[in-house]
Amino acid sequence: MSIVTVQLGQCGNQIGHEVFSALCSDIRGTHGLCSKKENESYRDSCKERFFCEEESGVPVARAVLVDMEPKVISQTLSMAARSGHWKYSNHSHFCQKQGSGNNWANGYSVHGPRHKEAIMNLVQKEAEKCERLGGFLTIMSMAGGTGSGLGAFVTQCLRDAFPTSFILNHVVWPYGTGEVIVQNYNSVLTLSHLYHSSDALLVHENDVIHKICAQLMNIKQISFRDVNQVIAHQLGSVFQPAHTAGGGSGYSRNPLGDLMEALVPHPEFRMLGLRNIPQMPESSLPYSTFSWPGLLKHLRQMLIANAQMEEGIDWQVRPPHPGSSIPSTNKPLHFNTSIANLVILRGKDVHSADLGSFQDPSLYTSWLNPQDAFNAWKTPRAFNKYEKSAALVSNSQFLLKPLDSIVGKAWNMFASKAYLHQYTKFGIQEEDFLDCFTTLEQVISSYTNL
């Protein structure tokens, strides 16, 4: 099944470009470490998901690019075409001359309705090119105006136009110190709207990725491109083909559906976090060796201690003892409770890896059977130069702290009516804000009580 990617705003278009580049360089790579037959079916499966073939033989990304100013889209189109390995279609982008001015309401209430028909026509055309449409992946940031406001609007339109398709929103969480004074407002409005129309939100935090660039990748002057490449690697590690548990011999045919089935058992809980191991500069790879027990031990501790990367994990955090009927308020400090987890293993000897430690019932909330709460996908084909690598997609309390913090900051501004006039002039009223706060307070409360 194919996935149509919708890239929204500057951030969405830049990350989308890096994602397609990463997928393409991975399937062209010779580091597969697996049989020729396996490699070919992996490559075909990836192409079916993300690219359509043209007569020229250059793969064309199944993507729609949307921005309210032309600069980023024209850069993105030409960079892809120059690579010579893949490109965007010439007829699947939409841009205007003026941006959204970092104003969510401008993107949602003005640009959205005004350009709805043009944007949805492009999406419809892309969807019709798929033999079987598996759903949509939208890529957007929460801080600005176009990605967040127009992104939330377009997601609602997707839900209306394709009621049975899966929609996964990939959302970039702004830096805590902030690039935009009203980013907390924009974030609260975006998240609450997406919660109503999307199947799941897969979140990357800029601060975390920045840390990975600095501490694991040893990059001295970190650019947005460096950050985006780490995000693209992590997304690729989830969306490249893998064998699901009950999937027989072939690669999973329905990546978004399988992801939702594994991770979203209840509509109240849709926030997914992603962790990857190992992550290091290419120059260090020849000097590193990895074993599955070592990688998985670190990954499990990253999960239960809510560590964002393998550096600086708190090894003191332990799961609560099974059978001790402690009320959830007395849980061990900093312990991260999960609803559902998916581990994706790629590389050598992948079938020897023992995932028993992830099936420990004490990691999960009590209302789901641990057998249902944990899933594993595997493929012997290595990903992106790593001989062995693991990704963890987790529906857990990973995002509770950042969510609580962003809602708190937005509420403080709202209570003093700061900058509200910028939203009311585009028709977003105080009641709309209050509805959004209510939605997110409910999400916070649900995750807190796991």
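Cut-off values and rules
- Residues numbered from 1 in each chain as written.
- Predicted model: local features only at pLDDT ≥ 70, side-chain atom pairs only at ≥ 80, totals over all residues.
- Heavy atoms only, no water.
- UniProt positions renumbered as here; feature names shortened; annotations may be inferred.
- Helix = DSSP H or I, 4+ residues; strand = E, 2+ residues; numbered from the N terminus.
- Rg over C-alpha atoms; globule rule 2.2 N^0.38 Å.
- Buried < 20%, exposed > 50% of the residue type's maximum accessible area, 1.4 Å probe, protein only.
- Contact = heavy atoms within 4.5 Å.
- Lys, Arg positive; Asp, Glu negative; His and termini not counted.
- Charge placed at Lys NZ, Arg CZ, Asp CG, Glu CD.
- Pairing = 2+ DSSP bridges.
- Axes fitted to C-alpha atoms, helices over the stretch in contact; angles between N-to-C directions.
- Parallel < 35°, antiparallel > 145°, perpendicular 65-115°, else oblique.
- Left-handed = near helix turned anticlockwise from the far one by under 90°.
- Salt bridge = Lys/Arg side-chain N within 4 Å of Asp/Glu carboxyl O.
- pLDDT = per-residue confidence, 0-100.
- Expected span 1.5 Å × (residues − 1).
- Domains from an automatic or database assignment.
- Buried area = accessible area lost by both parts, 1.4 Å probe.
- Polar contact = N/O pair within 3.5 Å; in protein donor to acceptor, adjacent residues only side chain to side chain.
- Nonpolar A, V, L, I, M, F, W, Y, C, P; charged D, E, K, R; others polar.

- The protein chain is annotated in an unreviewed UniProt entry as Tubulin delta chain from Catharus fuscescens.
- Under the UniProt heading Function (unreviewed entry), the note attached to the protein chain is "Acts as a positive regulator of hedgehog signaling and regulates ciliary function."
- Per its UniProt entry, the protein chain bears the Cofactor (unreviewed entry) comment "Mg(2+)".

## Points about the overall build of the protein chain
Here comes step 1: Regarding its fold elements, the protein chain presents 14 helices and 13 strands.
Here comes step 2: Against the globule reference of 22 Å for 450 residues, the protein chain gives a C-alpha radius of gyration of 21 Å, in line with a compact fold.
Here comes step 3: Taking the principal axes of its C-alpha atoms as reference, the protein chain extends roughly 60 × 60 × 45 Å.
Here comes step 4: Every one of the 450 residues in the protein chain was classed for burial, and the buried ones make up 59%.
Here comes step 5: Counting contacts in the protein chain only where the partners sit at least 6 residues apart, residues at least 24 apart contribute 81% of the total.
Here comes step 6: Positive and negative side-chain charges in the protein chain, numbering 37 and 39 respectively, have mean positions lying 5 Å apart.

## A look at the sheet that holds strand β5 (residues 87-88)
Here comes step 1: Ordered in space as β2-β3-β5, the three strands form an open sheet in which the pairing is mixed. Each edge of the open sheet carries a strand with a single partner, namely β2 (51-53) and β5.
Here comes step 2: Examined bridge by bridge, strand β3 (residues 59-61) and β5 share two bridges and lie parallel to one another. Within the sheet, the bridge partner assigned to valine 60 lies in β5 and is lysine 87.
Here comes step 3: Where helix α2 (residues 36-50) meets the sheet, it contacts β2 and β3, and its direction lies at approximately 100° from that of β2.

## Observations regarding the environment of glycine 134
Here comes step 1: Note that glycine 134 resides in strand β7 (residues 133-141).
Here comes step 2: For glycine 134, a relative accessible area of 5% corresponds to the buried category.
Here comes step 3: Spatially, the C-alpha atom of glycine 134 lies 20 Å from that of tyrosine 88, the residues being 46 residues apart in sequence.
Here comes step 4: Setting aside residues up to four positions removed in sequence, glycine 134 forms contacts with Met1, Ser2, Phe166, Asn254 and Leu256.

## What about the packing of helix α1 (residues 9-28) against helix α8 (residues 224-239)?
Here comes step 1: Two elements in contact, α1 and α8, have axes separated by 8 Å at closest approach and are oriented at 55°. Accordingly, the angle class assigned to the pair α1 and α8 is oblique. When the axes of α1 and α8 are compared, the crossing they make is right-handed. Of α8, the residues touching α1 (which contributes Gln14, Ile15, Glu18, Val19, Ala22 and Leu23) are Arg225, Asn228, Gln229, Ile231, Ala232, Leu235 and Gly236.

## Looking at the pattern of salt bridges
Here comes step 1: If you walk through the whole model with that rule in mind, you get ten salt bridges.
Here comes step 2: Across the pair arginine 300 and aspartate 360 runs a salt bridge whose closest N-O atoms are separated by 3.2 Å. Of this pair, arginine 300 sits in helix α10 (residues 292-304) while aspartate 360 is found in the loop between β11 (338-347) and α11 (370-373), placing the two residues 60 residues apart along the sequence.
Here comes step 3: Classification of arginine 300 as buried rests on a relative accessible area of 17%.
Here comes step 4: A salt bridge links lysine 417 to glutamate 430, with the nearest nitrogen and oxygen atoms 3.3 Å apart. Of this pair, lysine 417 sits in the loop between α12 (400-415) and α13 (420-424) while glutamate 430 sits in helix α14 (residues 430-448), and the two are 13 residues apart along the sequence.

## Brief notes about the confidence of the model for the protein chain
Detailed reading of the predicted coordinates is not advisable wherever pLDDT is low.
Here comes step 1: Averaged over the protein chain, the pLDDT score is 91; the fraction of residues at 70 or greater is 96%.
Here comes step 2: Contacts of residues 325-330 to residues separated by more than four positions or lying in other chains number three contacts, the stretch itself having pLDDT below 50.

## As for α14
Every α-helix winds through 3.6 residues per turn, so residues three or four apart in the chain are directed the same way.
Here comes step 1: Counted at 1.5 Å a residue, the expected span for α14 with its 19 residues is 27 Å, and the 27 Å between its end C-alpha atoms agrees.
Here comes step 2: Of all the positions in α14, only Phe433, Cys436, Phe437, Thr439, Leu440, Val443, Ile444, Ser446 and Tyr447 are classed as buried.
Here comes step 3: Here the buried face of α14 lies against α6 (183-197), β10 (271-277), β11, β13 (388-396), α12 and α13.

## Quick notes on the domain arrangement of the protein chain
Here comes step 1: Under the domain assignment, the protein chain is made up of domain 1 (2-272), domain 2 (282-397) and domain 3 (401-449).
Here comes step 2: Put simply, the middle of domain 1 and the middle of domain 2, counted by C-alpha atoms, are 25 Å apart.
Here comes step 3: At the interface, 40 residues of domain 1 touch 31 residues of domain 2.
Here comes step 4: The contact between domain 1 and domain 2 buries some 3,000 Å² in all, and 65% of this surface belongs to carbon and sulfur atoms.
Here comes step 5: Between domain 1 and domain 2 we count one salt bridge in total.
Here comes step 6: Between arginine 381 and aspartate 26 there is a salt bridge, with the nearest N and O atoms lying 3.2 Å from each other.
Here comes step 7: Applying the counting rule to domain 1 against domain 2 returns eleven residue pairs in polar contact (both at pLDDT 80 or more).
Here comes step 8: Those elements giving two or more residues to the side of domain 1 that touches domain 2 turn out to be α1, α2, α7 (206-216), α8, α9 (255-263) and β10.
Here comes step 9: Residues of the side of domain 1 that touches domain 2, tallied by class, amount to 23 nonpolar, 13 polar and four charged.

## Quick notes on the pairing of strand β9 (residues 200-205)
Here comes step 1: Among the six residues that make up β9, six are buried, leaving the element largely enclosed by the rest of the structure.
Here comes step 2: Because side chains alternate across β9, one face comprises the buried residues Ala200, Leu202 and His204, and the other comprises Leu201, Val203 and Glu205, equally buried.
Here comes step 3: Where strand β8 (residues 166-173) meets β9, six bridges bridge the pair, whose relative direction is parallel. Each bridged residue has a counterpart across the sheet, and for histidine 170 the counterpart in β9 is leucine 202.
Here comes step 4: Direction of pairing for β9 relative to β10: parallel, over a ladder of three bridges. Across the sheet, residue leucine 201 finds its bridge partner in β10, namely methionine 271.

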